[in-house]
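Topology and contacts: notes
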Amino acid sequence: GVDKRRVKEILEVCPDFDSATVQSLMRGLRAGWRFAGVHGVGSKAFRIFVEKLEEQMKKNPGMLSMEYVLGMRNGFAHGTLTGALPDVVADMVKYNLYVPINLRRALAIEPTNIEQHYGEPGYAFLGPVKTLLDEGVKVVGEAEIVLPNPQTYIGLLDIYVNREIGADGEVPEKAGTGRVFGPEEAIDRVSALKLFTIRSAEFLFAETKVGSLEPGKYADFIVVDKDYLSGPDSEIKDNRVIMTVQAGEVVYQDEDYKPVVTDTRNYPAAR
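Now for a look at the structure at hand. Note that the structure is a prediction, hence the values are computed from the model and not measured. (Residues numbered from 1 in each chain as written. Predicted model: local features only at pLDDT ≥ 70, side-chain atom pairs only at ≥ 80, totals over all residues. Heavy atoms only, no water.)

It is worth spelling out the packing of helix α3 (residues 43-59) against helix α5 (residues 86-94) at this point. Two elements in contact, α3 and α5, have axes separated by 10 Å at closest approach and are oriented at 50°. In terms of axis orientation, α3 runs oblique to α5. Here α3 and α5 pass one another in a crossing that is left-handed. Between α3, through S43, F46, R47, V50 and E54, and α5, the contact on the second element is made entirely by D87, V88, D91, M92 and K94. Of the residues in the contact of α3 with α5, the class split is four nonpolar, one polar and five charged. (Axes fitted to C-alpha atoms, helices over the stretch in contact; angles between N-to-C directions. Helix = DSSP H or I, 4+ residues; strand = E, 2+ residues; numbered from the N terminus. Parallel < 35°, antiparallel > 145°, perpendicular 65-115°, else oblique. Left-handed = near helix turned anticlockwise from the far one by under 90°. Contact = heavy atoms within 4.5 Å. Nonpolar A, V, L, I, M, F, W, Y, C, P; charged D, E, K, R; others polar.)

Structure (structure tokens):
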């Protein structure tokens, strides 16, 4: 029941590939530039990128070998209606594309778009995080456009696990008061945490410095008042950041939090 002409000309506005701007970007890609901010809102965007990538690989095979392209870790933005169509997923995996998805933004703005223009089938494209991960796609947790703070991420983790959004476009204060979209695409809390830690570090080519706590990396971490890995999923958003440490320096500490500093060198070695 959707006017195909309207979808083509209005909803799927694509760039003029003969324009100077797009041609300059193609030259950049051919020269080995890494793309890390192309909007990948829908499946069509990924198809276009792969099409242009393959064109440039043929034009500059000396630079853009498959090995080189895999190492580029080309990435995108938002991924709100990414979808998980077989051909798109296959190309994501084939070319090692990193796919950041801002699920809060997706659940907040895309249902209206789907209802107005695409109907019920459109919901299958709404941030299919679990399916993409199961197929081996490098999904990345995308934070907010505005400057985030540690507490922001607690809400984002909640949305990946519960896929519930309030009428105001934010995580509802009380579980069960919002609307749940695509519960079958929910992921467990450990998987959600990895999207915003080690996977984000990979996307930034920084996995040797950040993304996990281990010798040789920056001591970047937060302390929360509840165990994130336990308790009901409905209470993830109720967690609270009580201390933030960056590169070993405390940059925030709740006035009521009084940690006890212990010299761990006196502890027996882990077995």
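In this section: the packing of helix α6 (residues 103-118) against helix α8 (residues 150-162). In helix packing, the relevant descriptors are the interaxial angle and the interaxial distance, both defined with respect to the helix axes. Where α6 contacts α8, the two axes come as close as 9 Å, and the packing angle between them is 65°. In this view, α6 runs roughly perpendicular relative to α8, as classed from their interaxial angle. In contact with L103, R104 and L107 of α6, α8 contributes L156, I159 and Y160. Class assignment for the residues of the contact of α6 with α8 results in five nonpolar, no polar and one charged.

Along the chain, N74 turns up in the loop between α4 (66-72) and β2 (76-77). Judged by relative accessible area, N74 falls into the buried class, the value being 0%. The residues contacting N74, other than those within four sequence positions of it, are W33, R34, F35, F49, V69, N96, L97 and Y98. (Buried < 20%, exposed > 50% of the residue type's maximum accessible area, 1.4 Å probe, protein only.)

This part covers the nonpolar core. Counting 42 residues, the largest nonpolar core has M92, I101, L103, V129 and Y160 as its most contacted members. Mapped onto this core, the elements with two or more residues apiece are α3, α4, α5, β3 (98-101), α6, α7 (129-134), α8 and α9 (189-195). (Core = buried A, V, L, I, M, F, W, Y, C linked by side-chain atoms within 4.5 Å.)

Approximately 1,100 Å³ is the volume found for the largest pocket. Lining the largest pocket are 30 residues, with F196, T197, D220, F221 and I222 sitting closest to its centre. Sorting the residues of the lining of the largest pocket by element identifies β4 (138-141), α8, α10 (198-203), β7 (221-224) and β8 (241-246) as the ones contributing at least two each. When residues in the lining of the largest pocket are grouped by element, the largest group, four residues, is from α8. Split by residue class, the lining of the largest pocket holds 20 nonpolar, eight polar and two charged. (1 Å grid on protein atoms, 1.4 Å probe; cavity = no way out; pocket = protein on both sides within 12 Å on 5 of 7 lines; lining within 4 Å. Points joined across faces, edges and corners; volume = space filled by probe spheres on them.)

Attention now moves to α6. Between its terminal C-alpha atoms α6 stretches only 19 Å, short of the 22 Å expected from 16 residues at 1.5 Å a residue. Remark: the principal bend of α6, roughly 40°, maps to E110, with a proline, P111, within the next four residues. All buried positions along α6 are accounted for by L103, R104, A106, L107, E110, P111, I114 and H117. Residue N102 occupies the N-cap position of α6, its side-chain oxygen lying 3.4 Å from the main-chain nitrogen of R104. Where α6 ends, the next residue or the one after it, G119, has phi of about 80°, a positive value. (Expected span 1.5 Å × (residues − 1). Bend = angle between axes of the 7 residues up to and from the residue. Polar contact = N/O pair within 3.5 Å; in protein donor to acceptor, adjacent residues only side chain to side chain.)

Turning next to the packing of aromatic side chains. In total, this model carries seven aromatic pairs according to the counting rule given. When the centroid spacing of 4.6 Å and the interplanar angle of 50° are considered together, the rings of F46 and F76 count as tilted. With a gap of 30 residues between them, F46 in helix α3 and F76 in strand β2 connect regions that are remote in the sequence. Across this residue pair, the class does not change: F46 and F76 are buried. With a centroid separation of 5.9 Å and 15° between ring planes, the pair formed by Y98 and F203 is classed as stacked. With Y98 in strand β3 and F203 in helix α10, the pair connects residues that are 105 residues apart, well separated along the chain. With relative accessibility at 11%, the residue F203 sits in the buried group. Clustering of aromatic rings is evident, with ring pairs tying together F35, F46, F49 and F76. The ring of F205 has R73 sitting right over it, with the charged end atom 4.4 Å from the ring centre. (Phe/Tyr/Trp six-rings, centres within 6.5 Å; stacked < 30°, edge-to-face > 60°. Lys NZ or Arg CZ within 6 Å of the ring centre and 35° of its normal.)

Any link to function would need more than the numbers given here.
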